[in-house]
Every structure is written in structure tokens, then in C-alpha cells.
Amino acid sequence: MGSLTVHVLDSDDTPVSGIRVHCNFVGSHVLGLADSHSEAYTDDDGFAEFDDVPIGKVQVYVNGEQQVSVGVGQNDHEDVTVTI
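Residues numbered from 1 in each chain as written. Predicted model: local features only at pLDDT ≥ 70, side-chain atom pairs only at ≥ 80, totals over all residues. Heavy atoms only, no water.

**As for the sheet that holds strand β7 (residues 77-83)**
For step 1, the next point in the chain: Pairing within the open sheet is mixed, and its three strands lie in the order β4-β1-β7. The open sheet is flanked by β4 (47-53) and β7, the only strands paired with a single partner. Strand-to-strand twist in this sheet, taken as the mean axis angle between neighbours without regard to direction, amounts to 15°. (Pairing = 2+ DSSP bridges. Helix = DSSP H or I, 4+ residues; strand = E, 2+ residues; numbered from the N terminus. Axes fitted to C-alpha atoms, helices over the stretch in contact; angles between N-to-C directions.)

**Some thoughts on the environment of G18**
For step 1, the next point in the chain: Within the secondary structure, G18 sits in the loop between β1 (2-9) and β2 (20-25).
For step 2, the next point in the chain: Separated by 27 residues in sequence, G18 and D45 place their C-alpha atoms 9.8 Å apart.
For step 3, the next point in the chain: Among all residues touching G18, those that are not within four sequence positions of it are Y41, T42 and D43. (Contact = heavy atoms within 4.5 Å.)

**Focus on the sheet that holds strand β5 (residues 56-62)**
For step 1, the next point in the chain: The antiparallel open sheet is built from four strands, whose spatial order is β3-β2-β5-β6. Edge positions in the open sheet fall to β3 (36-41) and β6 (65-72), since each of these has one partner strand only. For this sheet, the mean angle separating the axes of adjacent strands, direction not counted, is 20°.
For step 2, the next point in the chain: Bridging between β2 and β3 involves six bridges; their strand directions are antiparallel. Each bridged residue has a counterpart across the sheet, and for N24 the counterpart in β3 is H37.

Treat this as a map of the structure, not an account of what it does.
Below is the structure:
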């Protein structure tokens, strides 16, 4: 397992709170599991935190639109920033 932090900013690089962030854990099927997902909302600093992320590819959606894909390895912590 790994972890992922998604930082959401507006076009002025200001953190945006209350934004829905959905992560689709595509790589989890490699372990014989069905694809899984998790959802969180950004805090006052524009961060959404995901712990216990399965190893593999993570598709990050913000407000329903895919923004980025990132690979997460064993014991890795990945940070991504999305500007909306």
C-alpha cells in the first residue's frame, strides 16, 4: 500500500476547499481484486488525503473530470497538484 495527496488550486494558485476528489485505483486488479476507488473532499488548504492506496495506477478525478494518472508503489507517498 501507498498514499496519495491531491492539492487543488484555482487559476490564481489559491487552494480550493470543498472540492470532490475521486481516485480510481486501476492497478488493484493485478492483485486479483476488482478495481476500487475512494473519494474525499479538499480541506481548507485545498488538500485531499488518501491513505492505504493500492499499488498501481491511480486515476485522479476532480469534480467528475479526470485530471491526472499517477503510479503508486509499495510504501510510496505521491503528491499531485491539480489546477481547476
